[in-house]
Every structure is written in structure tokens, then in C-alpha cells.
Amino acid sequence: MATIAMLVVVDDLTYGPISWLLVGLFGQIAVVVVFVIYFFAQLYLVNHGIRDSPGRMAGWFLDRLQLSRRSHQVADRETHIHEHVTGVVFACVFSILIGGILPPLLLWRRGWSRSAVQRVAVATSAIYASEFATLHGLIPSRIL
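Residues numbered from 1 in each chain as written. Predicted model: local features only at pLDDT ≥ 70, side-chain atom pairs only at ≥ 80, totals over all residues. Heavy atoms only, no water.

### Observations regarding the overall build of the protein chain
Worth spelling out the cut-off: A run of H or I in DSSP counts as a helix once it spans at least four residues, and a run of E counts as a strand once it spans at least two, with each numbered from the N terminus. Note on definitions: a residue-residue contact is assigned when non-hydrogen atoms from the two residues lie within 4.5 Å. Per-residue accessibility takes into account occlusion by the displayed protein chains alone, with areas from the Shrake-Rupley method and a 1.4 Å probe.
Counting its regular elements, the protein chain contains 7 helices and 0 strands. When the helices and strands of the protein chain are placed in sequence order, the string is α-α-α-α-α-α-α. Across the protein chain, contacts joining residues at least 24 apart in sequence account for 68% of those joining residues at least 6 apart. Split by element, the accessible area of the protein chain, about 8,800 Å² in all, is 67% carbon and sulfur.

### Quick look at the packing of helix α5 (residues 88–98) against helix α7 (residues 114–143)
For the record, the criterion: Only the stretch in contact is used when fitting a helix axis, every axis being a line fitted to C-alpha atoms; angles between N-to-C directions are given from 0 to 180 degrees. Here roughly perpendicular refers to angles of 65 to 115 degrees, roughly parallel to angles under 35, roughly antiparallel to angles over 145, and oblique to all remaining angles. Left-handed describes a crossing in which the near helix is turned anticlockwise from the far one by less than a right angle; the clockwise case is right-handed. Gly is placed with the polar residues, together with every amino acid not listed as nonpolar (Ala, Val, Leu, Ile, Met, Phe, Trp, Tyr, Cys and Pro) or charged (Asp, Glu, Lys and Arg).
The contact between α5 and α7 brings their axes to 8 Å, and the two run at 25°. Relative to α7, α5 is oriented roughly parallel. Every pair of crossing elements has a handedness; the one defined by α5 and α7 is right-handed. For the pair α5 and α7, the contacting residues are V88, A91, C92, S95 and I96 in the first and V120, A123, T124, I127, Y128 and E131 in the second. Along the lines of polarity and charge, the residues of the contact of α5 with α7 split into 8 nonpolar, 2 polar and 1 charged.

### Section: helix α6 (residues 102–109)
Under the convention used in this document: For each residue, the accessible area found with a 1.4 Å probe, counting protein chains only, is set against the maximum for its type, and the residue is called buried under 20%, exposed over 50%, and partly exposed in between.
The buried fraction of α6 is high, at 6 of 8 residues. Backbone geometry just downstream of α6 places G111 in the positive-phi region, at approximately 100°.

### Some words on the packing of α5 against α6
One way to put it is that α5 packs onto α6 with a least axis distance of 8 Å and a crossing angle of 130°. Considered as vectors, α5 and α6 are oriented oblique to each other. Counted together, A91, F94, S95 and I98 of α5 and L102, P103, L106 and L107 of α6 form the full contact between these two elements. Here the residues of the contact of α5 with α6 are counted per class, giving 7 nonpolar, 1 polar and no charged.

### Some remarks on the environment of L43
Within the secondary structure layout, L43 lies in helix α2 (residues 29–49). When its relative accessible area of 14% is taken as the criterion, L43 is described as buried. On a C-alpha basis, the gap between L43 and G100 in space is 8.4 Å, while along the polypeptide they are 57 residues apart. Beyond its immediate chain neighbours, meaning those up to four positions away, L43 contacts A121, V122 and S125.

### A short note on a nonpolar patch on the surface
Operational definition: Patches draw on residues past 30% relative accessible area with no salt bridge. Two like charges within 9 Å are joined, as are two nonpolar side chains (Val, Leu, Ile, Met, Phe, Trp, Tyr) within 5 Å. Counted as salt bridges are all cases of a side-chain nitrogen of Lys or Arg within 4 Å of a carboxyl oxygen of Asp or Glu.
Together, W20, L135, I139 and I143 line one region of the surface with nonpolar side chains, adding up to about 380 Å² of accessible area. It is α7 that provides the largest number of residues to the nonpolar patch, a total of 3 residues. Residue position: I139 is located in helix α7. Exposure remark for I139: the relative accessible area of 39% places this residue in the partly exposed category.

### As for the environment of P103
Residue position: P103 is located in helix α6. The exposure class assigned to P103 is buried, which follows from its relative accessible area of 0%. Considering only alpha carbons, one finds P103 and V85, 18 residues apart in sequence, at a separation of 6.3 Å. Among residues more than four places away in sequence, those in contact with P103 are V85, A91, F94, S95, I98 and T124.

Okay, here's the thing in C-alpha cells:
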């Protein structure tokens, strides 16, 4: 629970202000803007993450997703969650918690084919982009 709470706080501090700005500029259309941006950004990162060389920009973002943790307890919890991503269903379920990028990449590391990982990435990206758009687009648009 502590790991999830920390992810929510870091996520809100990082993307919250940008989302609030988009909502202020575009109103409820920001929900669609946030969804589209996040959906395609995740697909971009997964597609570059399964390459031998992801490229400079994608590599920078991918490195941020898999930072080594200072706390061994947090690292152990993350590893425990990652070990459960063994198929499409669990990738989709865990995408709610860990985003749409990591589950397909975890399957790639388990030896899944490029095309299978890309198909899973479409589903996980849509799930997490929907969650993200709700939290950072829809809810702020209702408040403003």
C-alpha cells in the first residue's frame, strides 16, 4: 500500500500541474487530449523498449521507469508485483497499478514475441490512459 500511495503522490506532483493547465486551457476536451497523449506515448515507449537500442529520448524515459530503488523493501515489493505479470490478463490488471508500459516490457523479458507484446501494449496503454485521463483530466475538469 505504501508503494502505491507513493506512486500516486509522485504521479500527481509530476503530471498534476500539467493536467490542471490543460484543463484550464481546454476544459473538458482536456480529457481526450490527456488520453490521446498518454496512450500514444506509452505505445511509443513500449515499441522502443523492445528494440535493441531504444534511442536517446525513449531510453531516458525507460530508465526513469526502472530506477534502482534505494529502499530494498520497495524494490522487493516491486519485484513481487512484476513477478505476477505472466500473461495478458495479469498484464491488464497490473497496468492499473504500474502503468501501461511495464507489463508488456515484463512479458518481453519473459520471451514473448514482438507482435504479442505490441498487442498487449495496446490494451495496457488504453487501460492506463483511461485511468490517467480520468484522474488528471475528468476530475480536474469537474472541479474547475
